[in-house]
Amino acid sequence: MRQQMFACPRCGWQNAAGLRFCGNCGAGLLGGGQEQAYGPQQMYSCPICHQPVVYGMGFCGNCRTPLNWPTQQVQSPPIHQQQQGTSHTQKEPRKKTNRLLIGCLSVVGAVLLVGGLICVASKDSRETTSTAPPSVPAMEVTSIKLYLDYKANEIAADAKYKGKILKVTGIVVDIGKFLGTSEITLLGEDTVGVSGVRCKFNKDNESQLLQLSKGQEITVQGKCTGFSVTYVTLENCLVTENKH
């Protein structure tokens, strides 16, 4: 036997005969729907007085309000579906807010990281600058004293001069090349040039030798590398003073 169905007066939801409340909106069903004189016809509420009216009536039987019926009934979705749709809509702004917050935190973290690296680099630079040894001025000595100090005690002279930058003043006794290296010899203890202070020039500074002549007194700066046979040797030399 086919079960009779009745429409909810509030939402129009189809409910089986005998139910006291609408299964969609919870509204009361006029004594379970069995008191409706029109059988399985759909029942609605008047928009003015909210009394039950049958679908298709031209006027409300209670207040005579004209009833304009739609040409096609649109069934309302269940309440739980509406709630889910509303919840989904509310979640979208929250997701956008979370993304914006995460983006801001990422930018702040990057700025702090870069700032920390700059501070560390600056600190290292200051420490390097503060711990760098002060520049030591070149030691000044005559070519004769330098040569005689080495001749008297090579070990003591090495401790005093070797590896240091010296400014040696003396008389030029020889100008020439030895094994392709331009060099001059400053007076040691003789004027022949077979002993004394041998000053070697690299290619960048060898042009200074063009203006020199034997017998001139000059000052040469270079790094002392010790004593060899009869010469004290200076490397990477340059003329700092030329007395005519």
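A quick note: this is a predicted structure, and the numbers were derived from the prediction, not measured.

### As for the overall build of the chain
Stage number 1. Across its full length, the chain carries three helices and 10 strands.
Stage number 2. When its helices and strands are written in sequence order, the chain yields β-β-β-β-α-β-α-α-β-β-β-β-β.
Stage number 3. When burial is assessed residue by residue, the chain has 27% of its 244 residues classed as buried.
Stage number 4. Look at the contacts in the chain between residues 6 or more apart in sequence, and 47% of them connect residues 24 or more apart.
Stage number 5. Summed over its atoms, the accessible surface of the chain is roughly 16400 Å², and 57% of this surface lies on carbon and sulfur atoms.

### Let's talk about the side chain of threonine 233
Stage number 1. With respect to the helices and strands, threonine 233 occurs in strand β10 (residues 231-243).
Stage number 2. The class for threonine 233 is buried, based on a relative accessible area of 10%.
Stage number 3. Not counting chain neighbours up to four residues away, the residues in contact with threonine 233 comprise Arg198, Lys200, Lys223, Cys224, Thr225 and Gly226.

### Description of the pairing of β10
Stage number 1. Of the pairings in the sheet, the one linking strand β8 (residues 196-201) to β10 comprises four bridges and is parallel in character. Note on β10: the bridge partner recorded for glycine 196 is tyrosine 231.
Stage number 2. The pairing of strand β9 (residues 217-228) with β10 spans 10 bridges and is classified as antiparallel. Looking across to β10, one finds that phenylalanine 227 is bridged to valine 232.
Stage number 3. The antiparallel hairpin formed by β9 and β10 contains two residues in its connecting segment, where valine 229 sits at a positive phi of about 60°.

### Description of the nonpolar core
One recurring pattern in soluble globular proteins: nonpolar side chains tend to sit buried together.
Stage number 1. Grouped together as the largest cluster of nonpolar side chains are 23 residues, with contacts concentrated most on Leu146, Ile184, Leu186 and Cys199.
Stage number 2. Among the elements that line this core, the one with the most residues is β10, at four residues.
Stage number 3. The contacts of isoleucine 184, once residues within four sequence positions are left out, are Asp174, Ile175, Val197, Arg198, Cys199, Phe201, Leu209, Leu212, Ile218 and Val220.

### Notes on the packing of helix α2 (residues 143-152) against helix α3 (residues 154-161)
Stage number 1. Across the interface, α2 lies against α3 with an axial gap of 5 Å and an inter-helix angle of 135°. It follows that α2 is oblique to α3 by the angle criterion. On α3, the residues touching Lys145, Leu146, Asp149, Tyr150 and Ala152 of α2 are Glu154, Ala157, Asp158, Lys160 and Tyr161.

### Remarks on the environment of glutamine 216
Stage number 1. As for its placement among the helices and strands, glutamine 216 is situated in the loop between β8 and β9.
Stage number 2. Taking the C-alpha atoms as reference points, glutamine 216 and isoleucine 171, 45 residues apart in sequence, are found 5.5 Å from one another.
Stage number 3. There is a polar contact of 2.5 Å between the side chain of glutamine 216 and the backbone nitrogen of serine 213.

### Describing the pattern of salt bridges
Stage number 1. Counted under the stated rule, the structure contains three salt bridges.
Stage number 2. Two residues, glutamate 183 and arginine 198, come together in a salt bridge whose shortest N-O distance is 3.2 Å. Within this pair, whereas glutamate 183 is found in strand β7 (residues 181-186), its partner arginine 198 is found in strand β8, the two being separated by 15 residues in sequence. The pair formed by glutamate 183 and arginine 198 is uniform in burial state, with each residue classed as buried.

### Focus on α3
Stage number 1. The backbone nitrogen of isoleucine 155 lies 3.2 Å from a side-chain oxygen of the residue at the head of α3, namely asparagine 153.
Stage number 2. Downstream of α3 by one or two residues, glycine 163 has phi in the positive range, about 85°.

### Side note on the state of the cysteines
Stage number 1. Taken as a whole and judged by the stated rule, the model has zero disulfides.
Stage number 2. Among the cysteines around cysteine 63, which has no disulfide bond, cysteine 49 carries the closest sulfur, lying 3.6 Å off.
Stage number 3. Taking the relative accessible area as the measure of exposure, cysteine 63 reaches 29% and is therefore partly exposed.

### Digging into unusual backbone geometry
When glycine is set aside, most residues are seen to have a negative phi, and most peptide bonds are trans.
Stage number 1. We note that leucine 179 has phi near 55°; this positive angle belongs to a residue other than glycine.
Stage number 2. For leucine 179, the position within the fold is in the loop between β6 (165-178) and β7.
Stage number 3. Positive phi outside glycine occurs at asparagine 236, with the angle close to 50°.
Stage number 4. Secondary-structure assignment places asparagine 236 in strand β10.

Reading guide: rules and limits
- Residues numbered from 1 in each chain as written.
- Predicted model: local features only at pLDDT ≥ 70, side-chain atom pairs only at ≥ 80, totals over all residues.
- Heavy atoms only, no water.
- Helix = DSSP H or I, 4+ residues; strand = E, 2+ residues; numbered from the N terminus.
- Buried < 20%, exposed > 50% of the residue type's maximum accessible area, 1.4 Å probe, protein only.
- Contact = heavy atoms within 4.5 Å.
- Areas by Shrake-Rupley, 256 points an atom, 1.4 Å probe, with all protein chains shown as cover.
- Pairing = 2+ DSSP bridges.
- Core = buried A, V, L, I, M, F, W, Y, C linked by side-chain atoms within 4.5 Å.
- Axes fitted to C-alpha atoms, helices over the stretch in contact; angles between N-to-C directions.
- Parallel < 35°, antiparallel > 145°, perpendicular 65-115°, else oblique.
- Polar contact = N/O pair within 3.5 Å; in protein donor to acceptor, adjacent residues only side chain to side chain.
- Salt bridge = Lys/Arg side-chain N within 4 Å of Asp/Glu carboxyl O.
- Disulfide = S-S within 2.5 Å.

Honestly, that's just the spatial picture; any functional story needs more than this.
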